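# Summary of the model geometry
As a plain string of letters, each chain reads:
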Amino acid sequence: MKYRDSLSSHQLLALYILLALCLLLQCAAYAAAPLARTSAPGFYRFMMGGFEITALNDGTLELPVDQFLINTTPQKINDALAAHYLESPLETSYNAFLINTGTKLILIDTGAGNIFGPRLGKLAANMRASGYTPSQVDEIYITHMHADHIGGLTTDGEMNFSNAIIRANRKELDYWLSEANMAKAPEGNRGDQKGTYRRAMTIMAPYVKAGRMRPFDGEAELSPGIRAYQSAGHTPGHVGYMIESQANRLMVVGDIIHVAAIQFQDPTVSVAFDSDSKQAEKERLKEFTSIADGKLLFAAAHIPFPGLGRLQAKPQGFQWVPINYSAGK
Ligand SMILES: [Zn+2]
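Okay, so let's go over this structure. (Residues numbered from 1 in each chain as written. Predicted model: local features only at pLDDT ≥ 70, side-chain atom pairs only at ≥ 80, totals over all residues. Heavy atoms only, no water.)

Spatially, β10-β11-β12-β13-β15-β16-β17 is the arrangement adopted by the 7 strands of the open sheet, whose pairing is mixed. Lying at the two open borders of the sheet, with one neighbouring strand each, are β10 (220–223) and β17 (318–322). This sheet shows a mean twist of 35° between the axes of neighbouring strands, independent of strand direction. Note that strand β13 (residues 248–252) and strand β15 (residues 297–299) share 3 bridges and pair parallel. Across the sheet, the residue bridging to M251 is F298, located in β15. (Pairing = 2+ DSSP bridges. Helix = DSSP H or I, 4+ residues; strand = E, 2+ residues; numbered from the N terminus. Axes fitted to C-alpha atoms, helices over the stretch in contact; angles between N-to-C directions.)

This part covers the sheet that holds strand β1 (residues 43–48). Read from one edge to the other, the open sheet built from 6 strands follows the order β1-β2-β4-β5-β6-β9, with strand pairing classed as mixed. Two strands in the sheet have a free side with no partner beyond their single neighbour: β1 and β9 (165–167). Strand-to-strand, the axes of this sheet are offset by a mean angle of 25°, without reference to chain direction. Pairing geometry for strand β4 (residues 90–100) and strand β5 (residues 105–108), over 4 bridges, is antiparallel.

Under the 1.5 Å per step criterion, the end-to-end length of helix α10 (residues 277–293) is 24 Å for 17 residues, consistent within 8% with the ideal 24 Å. Buried residues of α10: A280, E281, E283, R284, E287, F288, I291 and A292, and no others. Buried residues of α10, seen end-on, are gathered within an arc of 165° and therefore sit on one face of the element. Away from its buried face, by an angle of more than 90 degrees, α10 presents the exposed residues K278, K282, K286 and D293. One side-chain oxygen of the residue at the start of α10 lies 3.3 Å from the amide nitrogen of K278, identifying that residue as D276. (Expected span 1.5 Å × (residues − 1). Buried < 20%, exposed > 50% of the residue type's maximum accessible area, 1.4 Å probe, protein only. Arc of directions from axis to C-beta. Polar contact = N/O pair within 3.5 Å; in protein donor to acceptor, adjacent residues only side chain to side chain.)

Shape is all these values report; function is a separate question.
Right, dumping it as structure tokens:
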């Protein structure tokens, strides 16, 4: 008996359908997957002595760095960027830092919130991805009152951190919350222009009204192991925070640097939106020198996420040494 005779026409049809399905499935397995596009959640965690440190990314923006750096030339900027395989506009990180001391959850700066569009304002989502919620934050320490550092405090006039008190240098607060200073400032939204004052006032208003502001004067220990130090120049009351636990130190420097590929190598290069660019340049050089001399780990808001590393002094300028990756423990 021939094989063919053993199958009914129905059975044959079923066989053909099965074959067709197999072919289809085979094709489906090779279909192009849609591009995922996003990276891992923007948090990076490590232990430092008894403190847990979490770098939080608020997002990135493409910045035309060749248009706002001063004490240099566009040619020098582009050469320095090219030496790092980069170009302008440069994708620039916006970072903040969360410290769990074991008894308190302390956030240093808050990112931009919704002020600079959807590429920023991811701090709360990344904090949640890291295992914490904004309502758990006990205290927020501000480096300075530019909107990319305080914007995350509020959304449309509502406080995003329902239980936190806010610590900021009194000199910085008084400067940016002054109607008289705003009246004297030129129109615009950069540096010491009217828009920067207006935004600071709007962002801080709910916390001021709720009695949640606790200004400090210059140098102060705000919590055991966390001390504010003066770092004026970028803004008049700009401060950094030295964090110390079990003889380990981390220096959170705020905005003494904006473009890692250029300003480590040449700390005389400044940004056009410093309140006092000469003072900022002096402060940058002083802090870079003490970071290199002390082999200090430091954290900065705008160097590539997680914004953590050390410096080595070189005959000219400094060399950036990023932190070694830790998977946590
Ligand atoms: Zn900034």
